[in-house]
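Read off the chains here:
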Amino acid sequence: MLESVPTATGRTILLEAHGARAEIGTVAAVLRSLTVAGVAVTEPVSADAPPPLGCGIVLVPWANRVRDARWTLDGVEQRLDITEPARANAIHGLLRNTEYTVLDRSTDAVTLGALIPPQHGWPFLLDTRVRYRLRPDGLTVTHGVVNHGDRPAPWSVGAHPYLRVGDTPIDDLVLTAHAGTWFEADDRKNPVGEHPVDGTGSDLRAGVRVGDLDLDTAFGDVVPREGVAARLTAPDGATVDLIQGDRWGHLQVFTPRNFPRPDGIGLAVAIEPMSAPPDALNSGRGLHWLSPGESTERTWGIRYTPAR
């Protein structure tokens, strides 16, 4: 059902099917919670306050940062609004405070849509959507876009889920990520280089205890294994997987120790699928240039597997 009373995260959409349950907020199309067989696999977001540290929101038409909130289009400088004032960047796209419209829904799925009109630093007209569909073991998320403008438009997309494995302390989870490169960043979190993960503290391919990590790092050369881009493993063997389809190639891992929960501040782990790396509007890497009238999609998901 769609609750009629708006909150800080918009109106609430409840999905329940196959033993899974999700709450979606219409502002930023935020994934407020996801449980499978009663086990929490994402950090919950309260309806009564903006999502903490971007928890669960959709990042479009770019994920991560645009350095100085500036980029160049056909030789003309474009100036986006600065949305990360402390670092003078534009961050996480143009819809993080926008309410989406419910386009269709059923007991196990909902499609939300939002228009990205021309605005400061963005002379394009894109119609975007995101579809959440429950599965017995988790959730499939499909992002789509159509260019309704009269000129080619750049597009990339990401999401900001914070994952967990039920009540297992985050410190005790082991994170595995199938990424071959990591992006070095300056003190404003903007990329200054890309390096192989081999022999570095950013090599997560063999698994690293989350409590030993201190990351706010973008990764490239992500090659999922049987669809799994990253995995959290609990000591009892239960897992939560980040599933990425074709044409993603990047992810961000963020391990803040100031994540707010009802029982206090603590460690959390965001594992963020991204179709392009940070500052892609300047580098051009990973951008999909949509011709007028063109549409495209990207799909990712979350999967829970209990201990055997």
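Given the structure is predicted, the values throughout are model-derived calculations rather than measurements. (Residues numbered from 1 in each chain as written. Predicted model: local features only at pLDDT ≥ 70, side-chain atom pairs only at ≥ 80, totals over all residues. Heavy atoms only, no water.)

A. A look at the overall build of the chain. Secondary structure assignment for the chain yields one helix and 28 strands. Computed over C-alpha atoms, the radius of gyration of the chain comes to 18 Å, within 12% of the 19 Å expected from 2.2 N^0.38 for 308 residues, which places it in the range of a compact globule. A principal-axis box enclosing the C-alpha atoms of the chain has dimensions of 55 × 50 × 35 Å. Per-residue burial over the chain gives 54% buried out of 308 residues. Long-range pairs, those at least 24 residues apart, make up 64% of the contacts in the chain with a sequence separation of at least 6. Taken as two groups, the 29 positive and 38 negative side-chain charges of the chain have centres that lie 1 Å from each other. (Helix = DSSP H or I, 4+ residues; strand = E, 2+ residues; numbered from the N terminus. Rg over C-alpha atoms; globule rule 2.2 N^0.38 Å. Buried < 20%, exposed > 50% of the residue type's maximum accessible area, 1.4 Å probe, protein only. Contact = heavy atoms within 4.5 Å. Lys, Arg positive; Asp, Glu negative; His and termini not counted. Charge placed at Lys NZ, Arg CZ, Asp CG, Glu CD.)

B. Structural detail: the sheet that holds strand β21 (residues 228-233). Taken in spatial order, the nine strands of this open sheet run β10-β11-β12-β13-β28-β22-β21-β16-β19, and their pairing is antiparallel. Strands with a single pairing partner mark the edges of an open sheet, and in this sheet they are β10 (101-105) and β19 (208-209). One ladder, built from four bridges, connects strand β16 (residues 174-177) with β21; its direction is antiparallel. If you follow V174 over to β21, its bridge partner there is T233. (Pairing = 2+ DSSP bridges.)

C. Representation of the packing of aromatic side chains in the model. Taken as a whole and judged by the stated rule, the model has four aromatic pairs. Here the aromatic rings of W122 and F124 are separated by 4.8 Å at their centres, their planes lie at 75 degrees, and the arrangement is edge-to-face. The same class applies to W122 as to F124, namely buried. With a centroid separation of 4.9 Å and an interplanar angle of 40 degrees, the aromatic rings of Y162 and F259 are classed as tilted. Taken together, the positions of Y162 in the loop between β15 (158-159) and β16 and F259 in strand β24 (residues 259-261) put the pair 97 residues apart, joining distant regions of the chain. As far as the burial class goes, Y162 and F259 line up, both buried. (Phe/Tyr/Trp six-rings, centres within 6.5 Å; stacked < 30°, edge-to-face > 60°.)

D. Empty space enclosed by the protein, seen in detail. In total, this model carries four cavities of 30 Å³ or more according to the counting rule given. For the largest cavity, the full set of lining residues is N64, R65, F183, A185, K189, N190, P191, D216, T217, A218, Q252 and P278. Mapped onto the lining of the largest cavity, the elements with two or more residues apiece are β17 (179-185) and β20 (216-222). For the lining of the largest cavity, the element with the highest residue contribution is β20, accounting for three residues. Among the residues forming the lining of the largest cavity, the class breakdown is five nonpolar, four polar and three charged. (1 Å grid on protein atoms, 1.4 Å probe; cavity = no way out; pocket = protein on both sides within 12 Å on 5 of 7 lines; lining within 4 Å. Points joined across faces, edges and corners; volume = space filled by probe spheres on them. Nonpolar A, V, L, I, M, F, W, Y, C, P; charged D, E, K, R; others polar.)

E. Quick peek at the nonpolar core. By size, the foremost hydrophobic cluster in this structure holds 74 residues, and its most contacted members are I24, L80, Y100, Y132, L175 and L232. Setting aside its immediate chain neighbours within four residues, I24 contacts R11, T12, I13, L15, A29, V30, L31, R32, V110, L112 and Y132. In this structure, L59, A63, F183 and M274 belong to the second largest nonpolar core, which totals nine residues. (Core = buried A, V, L, I, M, F, W, Y, C linked by side-chain atoms within 4.5 Å.)

F. Here's a closer look at the pairing of strand β7 (residues 70-73). Side chains W71 and L73 of β7 all project onto a buried face; the interleaved residues R70 and T72 project onto a face where none is buried. Between the end of β7 and the start of strand β8 (residues 76-79), which pair antiparallel, lie two residues, with D74 showing a positive phi angle near 50 degrees.

G. Spotlight on the environment of G166. Checked against the element boundaries, G166 lands in the loop between β15 and β16. Taking the C-alpha atoms as reference points, G166 and P306, separated by 140 residues in sequence, lie 10.0 Å from one another. In contact with G166, not counting residues within four places along its chain, are V39 and A40.

H. Representation of the sheet that holds strand β3 (residues 30-36) in the model. Judged by pairing direction, the sheet is antiparallel, and its four strands sit side by side in the order β1-β2-β3-β4 without closing on themselves. The open sheet has two free edges, formed respectively by β1 (12-17) and β4 (39-40), since each of these has just one partner strand. Bridge count between β3 and β4: two bridges; the pairing is antiparallel. From the neighbouring strand, V36 faces β4, where its bridge partner is V39.

I. How the structure looks around the pairing of β16. With two bridges joining them, β16 and β19 adopt antiparallel strand pairing. Each residue of the ladder has a partner; that of L175, found in β19, is V208.

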